[in-house]
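# Close look at the chain arrangement
Residue strings, one per chain:
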Amino acid sequence: LHDALPICQVEQLALSIREKCGASKPCVIAGDFNTMHHGYDKGSPWRQAAEDYYNNTNLDKALRLAQELAGGMALTKEDFTFDGFFTCFQNRVHQVLDHKLGYVCAYGQADNAADMKTSAHSGCIDWIYVRNLLSMKDDCIVDALAKGLSDHNAVKVTLRFR
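The text that follows walks through the structure, step by step, so that each part is easy to find. Note that the coordinates shown come from a computational prediction; the quantities given were computed from them, not determined experimentally. (Residues numbered from 1 in each chain as written. Predicted model: local features only at pLDDT ≥ 70, side-chain atom pairs only at ≥ 80, totals over all residues. Heavy atoms only, no water.)

## What about unusual backbone geometry?
- Of note in the backbone geometry, Asn132 takes a positive phi value of approximately 60° without being a glycine.
- As for its position among the elements, Asn132 is in the loop between strand S3 (126-131) and strand S4 (133-135).
- With phi around 60°, Lys137 is a residue other than glycine that occupies positive phi space.
- With respect to the helices and strands, Lys137 occurs in the loop between S4 and strand S5 (140-142). (Helix = DSSP H or I, 4+ residues; strand = E, 2+ residues; numbered from the N terminus.)

Right, here's the structure in full:
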């Protein structure tokens, strides 16, 4: 099922950047990806809330949408477990960037750590990915949640040329 999904937006973006700028140019893809990476893993402080959210959504609607995306594959509710489907689907953007397109996450800390929270309702969903750049691994969160400035904290990291 995971492989049957159509090209994702970040893949279209990265391919467009590569086409216009070339493969050797430094590149940054950053923003609100609206998904965690390791925050769905067992032991993460965000896993239970994500699993509760998933289990309380309308799985019949999700099944119809997934069947449409998968080109009519025969799918049942059993194909849609939290670990077997949802976490794979949510992690797809990270997998495409990391393994298919040669980008590296600019974070040095684990996104499933409480101090890397960027969203009011989950863990880290804001990301900085780089290609042909190095992260100084001094990543931090700029607190906007507690100050009521936004429903996201900003992420910050220093990058340098290779």
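## Focus: helix H1 (residues 9-21)
- Taking 1.5 Å per residue, 13 residues should reach 18 Å; H1 reaches 18 Å between its end C-alpha atoms and fits that length.
- If you check which residues of H1 are buried, you get Val10, Glu11, Ala14 and Ile17. One face of H1 carries all of its buried residues, which in axial projection span an arc of 130°. Residues of H1 that are exposed and point over 90 degrees away from its buried face: Gln9, Glu19 and Lys20.
- Elements in contact with the buried residues of H1: strand S1 (27-32) and helix H4 (82-100).
- Residue Gly22 follows H1 closely and has a positive phi angle near 95°. (Expected span 1.5 Å × (residues − 1). Buried < 20%, exposed > 50% of the residue type's maximum accessible area, 1.4 Å probe, protein only. Arc of directions from axis to C-beta. Contact = heavy atoms within 4.5 Å.)

## Some remarks on the packing of aromatic side chains
- What the rule picks out here adds up to 9 aromatic pairs.
- Look at Phe33 and Tyr129: their rings are 6.0 Å apart centre to centre, the planes differ by 15°, and that puts the pair in the stacked class. Placement of the pair is Phe33 in the loop between S1 and helix H2 (47-55) and Tyr129 in strand S3, with a sequence separation of 96 residues. For the pair Phe33 and Tyr129, a shared accessibility class is recorded, and that class is buried. (Phe/Tyr/Trp six-rings, centres within 6.5 Å; stacked < 30°, edge-to-face > 60°.)

## A word on the pairing of S3
- Counting buried positions along S3 yields 6 of 6 residues, so the element is predominantly enclosed.
- Of the two faces of S3, the one lined by Asp126, Ile128 and Val130 and the one lined by Trp127, Tyr129 and Arg131 are each fully buried.
- Taken together, the 6 bridges between S1 and S3 define a ladder with antiparallel strand orientation. Counterpart to Ala30 in the pairing with S3 is Ile128. (Pairing = 2+ DSSP bridges.)

## Observations concerning the nonpolar core
- The biggest cluster of nonpolar side chains holds 24 residues, and the ones touching the most others in it are Ile29, Leu97 and Tyr103.
- Of all the secondary structure elements, the ones that give two or more residues to this core are H1, S1, H4 and S3.
- Broken down by element, this core gets its largest block of residues, 4 residues, from S3.
- When residues no more than four places from it in sequence are discounted, the contact partners of Tyr103 are Ala14, Cys27, Ile29, Leu97, Asp98, Tyr129, Val130 and Arg131.
- Core analysis: the second largest hydrophobic core is formed by 10 residues, Trp46, Phe82, Phe85 and Ile125 among them. (Core = buried A, V, L, I, M, F, W, Y, C linked by side-chain atoms within 4.5 Å.)

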